Amino acid sequence: MHKLFDLTGKTALITGSARGLGFSYAEGLASAGANIVLSDINQQNLDEAVNKLKNKGYQVTGIVIDVSKEKQIIDAFDQLDNQNIHIDIVINNAGIQHRQALVELELKDWQRVVDIHLTGTFLVSREAAKRMIARNSGGKFINICSLTSEQARPTVAPYTAAKGGIKMLTKSMAAEWGQFNIQANAIGPGYILTDMNEALIKDQTFDTWVKNSNPAKRWGKTEELIGTAIFLSAPSSNYINGQVIYVDGGWLAVL
């Protein structure tokens, strides 16, 4: 692989990576040479994902992290330190969805979505950046934004608020950590064929709306995000900082 996209010798932590998009990001970075740290809230799913990548010959370890729990995140990074595993790349992918009208939304449900997406991204990034700065090693952060970082739809207000916050958090990370050769950018997926979107995919009305509302006239595929993830993890993006790259089939380009 060309050196601009070569991740050999780098170690990447991907949150929420036992399945779905997180696992795809992990597999993609592994194919570019990175060592992988998978993290997820479910130990069984995590073990299965680790074994899948190991069976393909990749260097991978797994660690359970609930990104809404500060102490658990700190303990996880301490554990990685004790194993002499130094994180060079972080993909903040962990997330959930909760669909409900704003007037019916309970505070606990609002907080859970925001805690996992926005606060979790902050906490994981803070712990990783502390260590990157102390080692003077530089680093890469890839936060996962969304079309809802720019536009809103009914019934997903907590998700929309969190994803909008992640866009601005990404810029704040770039502003503060750029001097340490740390780049923080984000990927904004469009509507992608994933487990999280299964109910929407099966909804004929929504499926038709998705296909008619973007220039590509289809849903995106998980593998179509991997190239952007590798690019933002690699030396090829060393002078790109604080940006969001939307992989959306042209969705945000049209009215």
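Structure first, text after, so check above.
Notes on the structure in this doc start here. The shown structure was predicted, so the numbers you read here are calculated from the model rather than taken from an experiment. (Residues numbered from 1 in each chain as written. Predicted model: local features only at pLDDT ≥ 70, side-chain atom pairs only at ≥ 80, totals over all residues. Heavy atoms only, no water.)

Notes on unusual backbone geometry
- Phi is positive for Asn136, which is not a glycine, with a value near 55°.
- Looking at the secondary structure, you find Asn136 in the loop between α4 (107-135) and β5 (139-144). (Helix = DSSP H or I, 4+ residues; strand = E, 2+ residues; numbered from the N terminus.)

So, the packing of aromatic side chains
- Counting across every chain of the model gives eight aromatic pairs.
- For the ring pair Tyr191 and Trp251, a centre distance of 5.1 Å and an interplane angle of 50° mean the geometry is tilted. With a gap of 60 residues between them, Tyr191 in the loop between β6 (182-189) and α6 (198-202) and Trp251 in the segment after β7 (244-247) connect regions that are remote in the sequence.
- For the pair Trp209 and Trp251, a centre-to-centre distance of 5.1 Å together with 65° between the ring planes defines the contact as edge-to-face. (Phe/Tyr/Trp six-rings, centres within 6.5 Å; stacked < 30°, edge-to-face > 60°.)

Observations concerning the sheet that holds strand β2 (residues 35-40)
- Spatial ordering of the open sheet is given by β3-β2-β1-β4-β5-β6-β7, a layout of seven strands whose pairing is parallel. Pairing within the sheet leaves two strands with one partner each, and these edge strands are β3 (60-64) and β7. In this sheet, adjacent strand axes meet at a mean angle of 20° when their direction is disregarded.
- Sheet topology note: the β5/β6 ladder contains six bridges and is parallel. Residue Ile144 lies in a different strand from β6, and its bridge partner there is Ile187. (Pairing = 2+ DSSP bridges. Axes fitted to C-alpha atoms, helices over the stretch in contact; angles between N-to-C directions.)

Observations concerning the pattern of salt bridges
- Taken as a whole, this structure holds 14 salt bridges when the rule is applied.
- The salt bridge partner of Lys108 is Asp109, with a shortest N-O separation of 3.3 Å.
- Arg126 is paired through a salt bridge with Glu127; the nearest N and O atoms lie 3.0 Å apart.
- Exposure remark for Glu127: the relative accessible area of 4% places this residue in the buried category.
- Overlapping salt bridges bring together Glu70, Asp78, Asp81, Arg126, Glu127, Lys130 and Arg131 as one network. (Salt bridge = Lys/Arg side-chain N within 4 Å of Asp/Glu carboxyl O. Buried < 20%, exposed > 50% of the residue type's maximum accessible area, 1.4 Å probe, protein only.)

Bear in mind that shape data such as this cannot, by itself, settle questions of function.
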